[in-house]
Each structure stands twice: as structure tokens, then as C-alpha cells.
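# Architecture at a glance
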Amino acid sequence: MAQANAQEDESLMPATEPGKIRNIAVVGHRGVGKTSLVEAMLFQAGKINRLGTVEQGTTASDWDDGEQKRAMSLSGSLLHLDWHDRKINLIDCPGDAGFQADTFAALRVAEGALVVLSGVMGVEVNTSRVWARAEEYELSRVVFVNMLDRERADFFRALDAARSQLSERCVAIQLPIGAEHELTGVVDLLHMCAYMDPSGGKEGGPQPIPDAMAEQVQEYREKLLDAVVETNEDLMARYLEGEELPAEDVAHALKDAVTRDELYPVGCGVASKNLGISALLDLLVEGVPSPAKKGTTIEFGDAGQAVFIFKTISDPFAGRISCFRVLAGPVTGDTTLVDPRTHAKERLGQLLLLNGKDNESAEQLCVGDLGAVAKLKDVVTGDVLVDHEVPVEPPHIDFPEPVMSFAITPKAKGDEEKMGAGLRRLSDEDPTLALRRDPQTGEQLLYGLTQMQVEVACDRLRSRFHVDVELHPPRVPYKETIRKEARARHRYKKQTGGRGQFGDCEIVIEPIETVDGEAATYEFVDKIVGGVISQGFRPAVDKGVREAMEHGELAGAPVYGIRVTLIDGMMHAVDSSEMAFKIAGSLAFKEAYHKADPVLLEPIMELDVTVPDDAVGAVNGDLNSRRGRLHGMEPEAGMTTIKAEVPMAEILTYAQALTSMTGGRGDYHMTFVRYEEVPTHVAQKIIEETKKEREAARV
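This section reports on the structure supplied with the text. Not measured: the values here are computed from a predicted model. (Residues numbered from 1 in each chain as written. Predicted model: local features only at pLDDT ≥ 70, side-chain atom pairs only at ≥ 80, totals over all residues. Heavy atoms only, no water.)

### Examining the overall build of the chain
When its secondary structure is counted, the chain shows 17 helices and 33 strands. Looking at the 699 residues of the chain, the share that counts as buried comes to 56%. Sequence-distant contacts, at least 24 apart, represent 74% of the contacts inside the chain between residues at least 6 apart. When the accessible surface of the chain is split by element, carbon and sulfur atoms take 48% of a total near 30300 Å². In the chain, the 76 positive side-chain charges and the 113 negative ones have mean positions that sit 9 Å from each other. (Helix = DSSP H or I, 4+ residues; strand = E, 2+ residues; numbered from the N terminus. Buried < 20%, exposed > 50% of the residue type's maximum accessible area, 1.4 Å probe, protein only. Contact = heavy atoms within 4.5 Å. Areas by Shrake-Rupley, 256 points an atom, 1.4 Å probe, with all protein chains shown as cover. Lys, Arg positive; Asp, Glu negative; His and termini not counted. Charge placed at Lys NZ, Arg CZ, Asp CG, Glu CD.)

Right under this line is the structure:
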């Protein structure tokens, strides 16, 4: 990996002062052209000398083999460029729902979000989610409508969608010249000039606005001025008096409005042709506030030097690459900081300015700047490093909870440790990945947000850590319980020629519930009187019952929600032993269990599904077919959130079905609620399958 071998550069990059920095997260739904837009901005600014494409795998930000293979971003990529004496740090964020961790982390270190929309699709589900998170962080936002040269692309439809689904304060600052395949340029309404289609070359300077657009340009120019002057009393007075407002004054007022989250300018263009990029870069410089103006909400106490780790790149050769934002500084390669979480000291080492897989060395980084360092020892994403021990509460990024899991096994025996170590390294890079062992089924489960995310993790295990793995659907953690009281007595007697084995016990089993209605796991009550069983042997009965409860007689699932009362028994002065009473207790429980009307229980999940309004009927019908119980619907801005309770067994493969029903525009998350009785016809199938598995195992 190129970051690991930063070339010694005698002309180190000088630090940029906070007022000249713009930190921008490029966000939006999958497939709207974010990576192509970042590539076009780098090209227009002269940071790269040719315009790469996602299809050919030649873009600066999608440098990973997996990204090039799938032609999509799988992780956030840090890049930078210079425009009009300003340094713009860009974080190209993944648009797929499975890789949201990098997007949410990027929003914590940026002052602005560049929200990219498709001119064909408009506002999609992930766009709305990211917009809501940016709203929560009070970030300034600029909207860019991309792909306007595609068939059925419509800037004005996308603008209306942004105003209705994101915010009414979205206002057009650019207009397209022409439409679809006849798109020839864009008009900058702020500076009243046009930029013509460079067809993939460097965009030329400002051009006169075509006469045919005069009326439309005047209409939208007035809408822009109306929106801007409403945020500035001085401009409002001058505007009402009929004064012609200079572009500089309007730009200054617009920037203040964007900084205060009062306006969201909407630009347009075609990233793959480098059209509209100059006007967009001007807008980012003029519209997005600097770290000096907006500051940070991340706490660092009274530290004189502090950095926040917002992303970790894991590499088998380079180790960890930690991307950070400078909270207090400046910092240099010689800076030594302490991690309040581990109390360990960390020397930063060589400072890097990343551009995808390439990098430049930096002498120092000032407050608000973004950079990276290699091989910090114990630092993880979310840590704040400070120059002395201060009580710092790391910022809560609030990563989404994994909603699906796969059982994962290595193909080669003996690779379990390598698999576990590799997955731990990958979870450093993506905190929404988690490897856990299911104590009930004994399976190693890899949890993630989507099937694609889990498959990508397996690909990276193979390519980076040389471990081949297989994925299987996880086994549903069923449980068993009883519905009525039952009694059984069992005598275990065995004579072997010498000392024998003798244990005799009588038990009563009954279902129990706690006050809140949730079944308790297990309770053992000793009601032996008169010493018919010695005090020393009674715990053995308890132990035998517990072991029998580990695998119920219906489907081999653990039994819970039972009170076992030991009421009588018998012992032999010579032959009784702990083992004999343990076996007697186990067999007595099995006999009583059959009489106690045992039932199979399944985990019930609470499901929140967010889908476009036109897919609600299909999704509701599908949930009903999965034995789901609908609890309500909450429509909002073209999307509806459906709340339901569904058995876990019915939604192990829900992600694929939802994608199919909604064309990839649906999203869901789920949490465990409780266990419920499995319907008789379903339980019978599960019990029969379990019997077949047991018989096959005996063969």
C-alpha cells in the first residue's frame, strides 16, 4: 500500500491556516457519481493530470481492488486540492447502506456536506438518511445534481424533490443549458456567467449566458436573490430600494446563510464530462465555512494539541493508517500525544496528506486540517489524542447497528485464529462489522449491515490476510419451555461387581414468570425434608437437570422458563454418589418434560423498514407472508417507515427481498424483542428437520 512507503520529500507541504481550509464530506446514495465528481474536482484543480473513470478503475479515490472490481466505493477516501488559495479536503464517502460507518465518521470532521443527487433518480433513501445526520451535526450543505446528460434526467424535477424531501430552503444557484443528451453547459446564477461543456477536458473560463435562456435565468436569479436577502437585513433594504446588488455582497451573504444552515444552494453539472465543476468549486470556497469560522463540537478539554481519529485503514504490510482531524495545534511529526482511553503515549511520526492511495508528506498541520499517520499502536476509530491527561469524552459517532449475520467458517482447518485476527483488523477499519460466537449454537457469526458488506469483508480476508472462508445462513436460536406442571421420579441403579451406583429423586417442574411477564431462565428449589437425600447430593440433582435443559427433547434447543422442585428421593449408604444423583436428576427431568406440554419458542424481532411510498403495499404484503404483525406506518417526505414484529427465522434473507421490492431504495434495521411460541404447523416442520439431522449424525 502506497501510504506505508511515504517517499522522503525534502519540500514538505507547508501548513495551511484554519481560515483557508474547507473540509467537505461528499455524500449521497449509491450510484449518483460521487467518486466521478471528486475526480473531476481534482482534475479541474490540477491535482491530477487526467480524468479517471469508475468503469475503468482509474479514479484517485476508488483505489482498492474490491472497489475497482465492483465499480463502487466501499470505504471513505481522503483527498485534497487547492482552489483560489484555499485548501479543500474532500472525503469521498460510500453511498451503499452497508458502508455507512465511514460516511457518519466523515460527517463528524467536516464543516460541510456536498450532497450529490442523480438527475434521473432525484432524492433516494440514503440521501435522506445522510441529510438527517448532517442536520443533527448542524453541517452546512451544498447540493449538486449530477448526471444531467442521462436519458430522463431533469434538473428541475430533482430540485423540486430536494425542496420537498430534504428542505424548502434548497435554492438553485446554477441552471443547466439544454437537457439530457443536448446538455451543453451550466449557468452560474451568482456570478451571472456560463460554463460550456468541455467534454472531459479542462473546463474553460466564464462565458456569456445564451440569449435564449435570458427569461429563465432572470426568474431563477430573482428566486436566488429573494432567498439570500431574506437572511440579511442590510441587503434586504438595498434590494427593496431597487439597488443592483454586487455579486461579492450576495456571495458574502450567501456564505453566512449557508454557515447558519439557513440556505442550501443547489448546483448542477455532469461530473464525467467535467461540466459545472469550476462553478461548484467556487461555491464550495464561497459557501462552506472554514474550521476557523465554524469550529468543532468534539471535546478536547484544555489540551494545547489534540487530534480526533475518524478513520482507520488496516493493511497487512503497513499496519494501521490512522486518519485524523487536528482539534488543537498545530501538530508535527515529533508531537507525542496520550490516548485517555488507554493512557498510552503515541508519537505521531511522519504526517501524511492522502490522495486516495497516494500521499504527500507534511511538515505540520494546523487546527481544522485533515491528515494521516501510520502505525499508531493502540489507537482505534473514535479516539481523541491529547497532549496531556485530560478527562475527555470521545465523541459518539452513533454507528448503525448490524442487522444481519452469517455463520462463518474457514475453509482450511487450523485457520480459525487467522480468521479471527483478520476480522478484528477489518472491524478496526469498519466498526459496523462484528464477529461474535453464539453461545447457544456454537457458531461464529459475522454481523454486518448488508450482505454485500459481509461479502466484501470475506474478499478482504482472502486478499489481505490469505484466509479463505465460507458463509452459511445462521441457525435460528430457538428455545423450549413448558406450559403446565408435571412430576416424575427416576431411580438410577447400577451394579458393577464392586461398589455400585444408586440415586433416586422425585421432582416437580412448572413454568415460571417474573413480574414483568418475561419468563425467567431457571430456578431450582430444594424441598427435601427428613434427610432422605443427603445435603451433599442435592446440588448434583440440580446439575443433572441443568445439563438436560441444554438440549430440549423437541428440537434440541435450550429449555428455559422452568422451576424445578426437588421433593423426595432415596439414597444408599454405600452406593450413592454425586454422579448417580446427577444422572437420576437428568432422567427425571426428561420424563417430566414430556408430560409438561413442551413448546418451541422463537426470537421475535422489531423491524423498522423505510421504503418509498409506492412500495408500501408490496412490502406490507411481504411482511404478512413472513408471519409479521404490522404496528403502524409513519410517512415522511415521500418515504414511509413501516413498524412491525417479525420472527427472526423469516427475515434471515430479508435484505435481498427488500432490495428486489424497492429497487435498492429500501432500508431496514431490527432489534430483538422477546421469545414467542412457534405456531404448531411451523414447529412441527422444525422438529421433523431436527430429528432428521440427529438421525443423519448417528449414521
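### As for the sheet that holds strand S1 (residues 21–28)
Either a parallel or an antiparallel arrangement is found when strands of a sheet pair, and the pairing is made through backbone hydrogen bonds. Pairing is mixed across the open sheet formed by seven strands, whose spatial order is S2-S3-S1-S4-S5-S10-S6. In this open sheet, the two strands that pair with only one neighbour each are strand S2 (77–83) and strand S6 (170–172). Direction aside, the axes of adjacent strands within the sheet are offset by 30° on average. Here S1 pairs with strand S3 (residues 86–92) via six bridges, running parallel. Looking at S3, one finds that Arg22 is bridged to Ile88. (Pairing = 2+ DSSP bridges. Axes fitted to C-alpha atoms, helices over the stretch in contact; angles between N-to-C directions.)

### Regarding the pattern of salt bridges
In this structure the tally under the stated criterion is 47 salt bridges. Between Lys87 and Asp369 there is a salt bridge, and its shortest N-O distance comes to 2.9 Å. With Lys87 in strand S3 and Asp369 in the loop between strand S18 (364–365) and strand S19 (370–374), the pair connects residues that are 282 residues apart, well separated along the chain. Take Lys87 and Asp369: they sit in the same class, and that class is buried. A salt bridge links Arg538 to Asp526; its shortest N-O distance comes to 3.1 Å. (Salt bridge = Lys/Arg side-chain N within 4 Å of Asp/Glu carboxyl O.)

### Quick word on the layout of surface pockets
Approximately 760 Å³ is the volume attributed to the second largest pocket. Lining the second largest pocket we find 23 residues, and of these Arg475, Val476, Tyr478, Ala555 and Thr690 sit closest to its centre. Among the elements that take part in the lining of the second largest pocket, helix H17 (residues 680–698) stands out by supplying six residues, more than any other. (1 Å grid on protein atoms, 1.4 Å probe; cavity = no way out; pocket = protein on both sides within 12 Å on 5 of 7 lines; lining within 4 Å. Points joined across faces, edges and corners; volume = space filled by probe spheres on them.)

### What about the environment of Leu446?
Secondary-structure assignment places Leu446 in strand S23 (residues 444–448). When the C-alpha atoms of Leu446 and Phe156 are compared, they prove to be 44 Å apart, with 290 residues separating the residues in sequence. If we ignore the near neighbours within four places in the chain, the residues touching Leu446 are Met404, Ser405, Phe406, Ile408, Leu423, Leu433, Ala434, Leu435, Val454 and Ala457.

### Description of the pairing of strand S9 (residues 193–196)
A regular strand places its side chains on the two faces of the sheet in alternate fashion. With four bridges joining them, strand S8 (residues 185–188) and S9 adopt antiparallel strand pairing. Looking at S9, one finds that Val186 is bridged to Tyr195. The loop that links S8 with its antiparallel partner S9 comprises four residues; one of these, Met192, has a positive phi angle of about 50°.

### Describing helix H16 (residues 654–662)
The α-helix advances 3.6 residues per turn, and as a result positions three or four apart in sequence lie on the same side. Within H16, burial applies to Tyr654, Ala655, Ala657, Leu658 and Thr662. Seen end-on, H16 carries its buried residues on one side only, within an arc spanning 165°. Contact partners of the buried residues in H16: strand S21 (404–410), strand S30 (598–612), helix H15 (616–625) and strand S33 (667–677). Gly663 sits one or two residues past H16 and shows a positive phi near 65°. (Arc of directions from axis to C-beta.)

### Some details on the nonpolar core
Membership of the largest hydrophobic core comes to 115 residues, with the highest contact counts inside it found for Leu37, Met41, Leu114 and Phe155. Look past the residues within four positions of Leu114 in its chain and what remains in contact with it is Ile24, Ala25, Val26, Val27, Leu37, Met41, Val142, Phe144, Leu280 and Leu284. Grouped together as the second largest cluster of nonpolar side chains are 43 residues, Ala457, Leu461, Val469 and Val476 included. (Core = buried A, V, L, I, M, F, W, Y, C linked by side-chain atoms within 4.5 Å.)

### Brief notes about empty space enclosed by the protein
Counted by the stated rule, this structure contains five cavities of 30 Å³ or more. Taken as a whole, the largest cavity holds about 160 Å³ of empty space. Surrounding the largest cavity, 19 residues form its lining, Trp63, Ser75, Gly76, Lys311 and Ile313 being those nearest its centre. Sorting elements by how many residues they give to the lining of the largest cavity places strand S11 (residues 306–315) first, with three residues. The calculated volume of the second largest cavity comes to roughly 70 Å³. Around the second largest cavity sit Leu74, Ser75, Phe99, Ala101, Asp102, Lys311, Glu429, Asp430 and Arg460, which together line it. Partitioning the lining of the second largest cavity into residue classes produces three nonpolar, one polar and five charged. (Nonpolar A, V, L, I, M, F, W, Y, C, P; charged D, E, K, R; others polar.)

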